[in-house]
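Chain by chain, the residues:
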Amino acid sequence: MNIENSRRYYGEVLTGSADLRTDACCTADAPSSVIRTALANVHEEVRARYYGCGLVVPDALGGLSVLDLGSGSGQDAYLIAQMVGEDGSVTGVDATPEQLAVANRHLEWHAERFGYANVRFLEGDIERLDELGLPDASFDVIVSNCVINLVADKAAVFRAAHRLLKPGGELYFSDVYADRRVAAELLQDPVLHGECLAGALYWGDFDRLAKQAGFGDPRLVTDRPLGIGDAAVAEKVEGHRFFSATYRLFKLDGLEPQCEDYGQAVRYRGTIAGSERAFLLDGHHLIEAGRLFPVCGNTWKMLAETRFAEHFEFFGDFSRHFGVFAGCGTTLPYASEGADISVAASCC
Ligand SMILES: C[S@@+](CC[C@H](N)C(=O)[O-])C[C@H]1O[C@@H](n2cnc3c(N)ncnc32)[C@H](O)[C@@H]1O
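Here is a short report on the structure shown in this document. (Residues numbered from 1 in each chain as written. Predicted model: local features only at pLDDT ≥ 70, side-chain atom pairs only at ≥ 80, totals over all residues. Heavy atoms only, no water.)

**Looking at the overall build of the protein chain**
Then comes step 1: Helix and strand counts for the protein chain come out as eleven helices and 13 strands.
Then comes step 2: Taking 20 Å as the expected radius of gyration for a compact globule of 348 residues, we find that the protein chain reaches 20 Å, a close match to that expectation.
Then comes step 3: For the C-alpha atoms alone, the extent of the protein chain along its principal axes is close to 60 × 50 × 35 Å.
Then comes step 4: Looking at the 348 residues of the protein chain, the share that counts as buried comes to 55%.
Then comes step 5: For the protein chain, long-range pairs separated by at least 24 residues make up 81% of all intrachain contacts whose partners lie at least 6 apart in sequence.
Then comes step 6: For the protein chain, the exposed area adds up to about 14,700 Å²; of that, 49% sits on carbon and sulfur atoms. (Helix = DSSP H or I, 4+ residues; strand = E, 2+ residues; numbered from the N terminus. Rg over C-alpha atoms; globule rule 2.2 N^0.38 Å. Buried < 20%, exposed > 50% of the residue type's maximum accessible area, 1.4 Å probe, protein only. Contact = heavy atoms within 4.5 Å. Areas by Shrake-Rupley, 256 points an atom, 1.4 Å probe, with all protein chains shown as cover.)

Structure, rendered in structure tokens:
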């Protein structure tokens, strides 16, 4: 399936999130009060054309430069614009003119609401980001919400994201994954593609592609099984299990293939706005403020060599190795309980 199917599906077939036939492109996460407040500052037409599958607003965004791959009608871009503030900026890229028109139509409305203008949208194909002339290492954070599955050359997207990130930056994104490679006969189905199922990566292939692009230790932040309410769609994909998952991929040199134990620990200062009690790095690392928290070498780097460093105290170094950290798994990483393709869709 190619970009024309995405343009047709998101520009002509769908008129709003209620038209979706699965909950693949809907967000189930309960937003925090900060996000709810920010969402109230997003124009209703933008919100009505939201098709994301996760929350892509990581912590500590103040003053940063953020790129949104497949920004659609602009909901995440306008949310993040409020988090980065006047000194930060957000660039959205999308390939569907109708969705870009919605996003662009409300630029001034949001600038007035926020008191500053820090968002722009570019028309482009995220498989060909090189053609947009964005400079290397020009973004602190790249987000993407339910888009990479739609792209044929996913490796090209990960490579470009790595090139565009500053050292210590991260790709923080939600997408749809499968517990196996999607059967060949389903790959050309335009509805399954548009509904973010046909292009879903087998999680093991995602892990390999991310590492090949230079993202050494992909971290799973949240995941949920997808519900497919449409009986015809459920029948077609029978035997597959699909998940919506949010990952963070840091651009850091020297990340190791496994979590290695150097006897290190960190203590969170509780200084990230909105996460004062505890900081969630990923599904295995909810780090409570004030508490000594043992970490592997990779986690140490994700905290010490990124924008999070100022929010932590660091104990130890890499001078002595104590073996591998327990729990470095290689099986299906998602909570599979309830991963039933017949679950009714409950959208956005
Ligand atoms: C499921 S929607 C998600 C949109 C947006 N992220 C949101 O959360 O509402 C997928 C979006 O990806 C865009 N898209 C698909 N393939 C693309 C490509 N190759 N380059 C740029 N955008 C693409 C579509 O135009 C559509 O807006």
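**A few points about the pairing of strand β4 (residues 139–145)**
Then comes step 1: The element β4 is largely enclosed, with a buried count of seven among its seven residues.
Then comes step 2: Relative to β4, strand β1 (residues 65–69) runs parallel, the two being bridged by four bridges. Bridge pairing in β4 links Val66 to Val141.
Then comes step 3: The sheet contact formed by β4 and strand β5 (residues 165–178) spans six bridges and is parallel. Note on β5: the bridge partner recorded for Val143 is Tyr172.
Then comes step 4: Since β4 and β5 lie parallel, the crossover through helix α7 (residues 154–164) that links them has a hand, and here it is right-handed. (Pairing = 2+ DSSP bridges. Right-handed = clockwise from strand over helix to strand, strands pointing away.)

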